[in-house]
Amino acid sequence: MLSAKSQYNADSVQASRQLKLEQVAKDPGAPLGPEDIQHVHYYEPDSAFRVHARVEQLHGEQPLRMPTSDGTSKEYVRYAKVRFTVRGKEGELTLYRSQDLFMNPLYRDHLFLPFTDLTNGDETYGGGRYIDLSLTDIQNGNVVIDFNDAYNPYCAYSSGYRCPLPPAENDLAIAILAGEKKYTGSIKERPKPVAPPKPLSRSEQNLIRSGDTTQLLRIIQDTIPNELRVLKTTSNDIDPKEELLPLLAKRMYLAVTDTLHPGVGIAAPQVGINRNVIWVQRFDKEGEPLELYLNPKIIWRSKLLRKGLEGCLSIADTMGQVLRNYTIRLTYQDSEGLDHEEMVEGFTAVIFQHETDHLLGILFTDRLAEQEASPYYRINDETELYLKQRLRRQ
């Protein structure tokens, strides 16, 4: 493990930061506007935090679900371990490749390095920071990691984004006094998209029209590779005025109420349509009605978790005890296109979480795998309620 000893251009680092801020300020989809730039701060460039790291490539790694800031997760694969020395202390981090970005030729070589260190929550953003690298940066089994390039995820400035949370294996017992500091401006809400949702594709239209309002849509299964691909794909919003929406909704309703395989909720991906449409049975309402929700988004989740048995119409003969947030805040549109927001708790909140996970390409079996990788602490022996962090007893 070697420390980087090479010429360092602080002016180049400053210029790169300024250019990035100017580009972000011009992007209407970014969380920062020109008026917010004054609240973005950095450590002074320091060559001590530009290190050479030895790279140990990992082989045969299975995809993992990396938790995100909104309580969901994204799929990554561990690519390599990097080991280095910074200010006399040894450090080790894992490089990841995004399964989604890997499918895009522009990002085929992208490597993701999320990390936390001793500055988080104090001088830097509590949710960790990121560094972007490329396969081409690795030369002869070594790579230069410049912590002066560490930047905050969008979640540091605004709500409404899905920012990966650095795994425990990427927590450094070192203070990385380099890169971007904590944002000092007010946290915004992510603006709603101005452009209307894309219309249904020809294949989506054909599938919806394959039957009438008396015929259910077949529920696809995870055991069929092409169907699993649909279940693992992130869905898109749907226009409430879409001409085929009533037919889609009715055929989904027939599928979830089928007496042979009844359910308490269903998402459009489960019938082969990657659109943000779900049916949920409201056990918290009189008569326990099944209700239709368009473009639902969970915008807040309680830290309190409940454990309960779950199955899925798309995963045959499999059940599991899944931890879910006890309470959620939800936004959605109704069939008239009107916007709504409400708090939901208990078992109905579980159904909403299960179905909105489908819209993000997440299955309940993915959640079970996440639980195995992280510790959870039961509040007491009488209730199935948990926290990710231990309660501090007074």
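Owing to the predicted nature of the structure, the values given are computational and were not obtained by experimental measurement. (Residues numbered from 1 in each chain as written. Predicted model: local features only at pLDDT ≥ 70, side-chain atom pairs only at ≥ 80, totals over all residues. Heavy atoms only, no water.)

Right, let's talk about the environment of P67 for a bit. Looking at where P67 falls in the secondary structure, it is placed in strand β2 (residues 64–67). Among the residues examined, P67 registers a relative accessible area of 27% and is labelled partly exposed. Distance in space between the C-alpha atoms of P67 and C163 is 8.4 Å, their sequence separation being 96 residues. Apart from residues no more than four positions distant in its own chain, P67 is found in contact with T72, S73, C163, P164 and L165. (Helix = DSSP H or I, 4+ residues; strand = E, 2+ residues; numbered from the N terminus. Buried < 20%, exposed > 50% of the residue type's maximum accessible area, 1.4 Å probe, protein only. Contact = heavy atoms within 4.5 Å.)

Time to look at the nonpolar core. With 24 residues, the main nonpolar core has F84, I145, F147 and I176 as its most contacted residues. For this core, the element with the most residues is strand β3 (residues 73–86), which contributes five residues. Those residues in contact with I145 that sit more than four places away from it in its chain are F49, R50, V51, A53, V82, F84, L113, I131 and L133. V40, L64, Y96 and C163 belong to the second largest nonpolar core, which has 21 residues in total. (Core = buried A, V, L, I, M, F, W, Y, C linked by side-chain atoms within 4.5 Å.)

With that settled, the discussion passes to the environment of G128. Following the sequence through the fold, G128 ends up in the loop between β5 (110–115) and β6 (129–134). Overall, the relative accessible area of 0% leaves G128 in the buried class. For the pair G128 and C163, spaced 35 residues apart in sequence, the C-alpha separation works out to 9.8 Å. Ignoring anything within four residues of it in the chain, the contact list for G128 reads F115, T116, N120, P153 and P166.

This brings us to the state of the cysteines. In this structure the tally under the stated criterion is one disulfide. Between the sulfur atoms of C155 and its disulfide partner C163 the distance amounts to 2.1 Å. The chirality of the disulfide connecting C155 with C163 is right-handed, given an S-S dihedral of about 95 degrees. (Disulfide = S-S within 2.5 Å.)

Coordinates in, geometry out; function isn't part of it.
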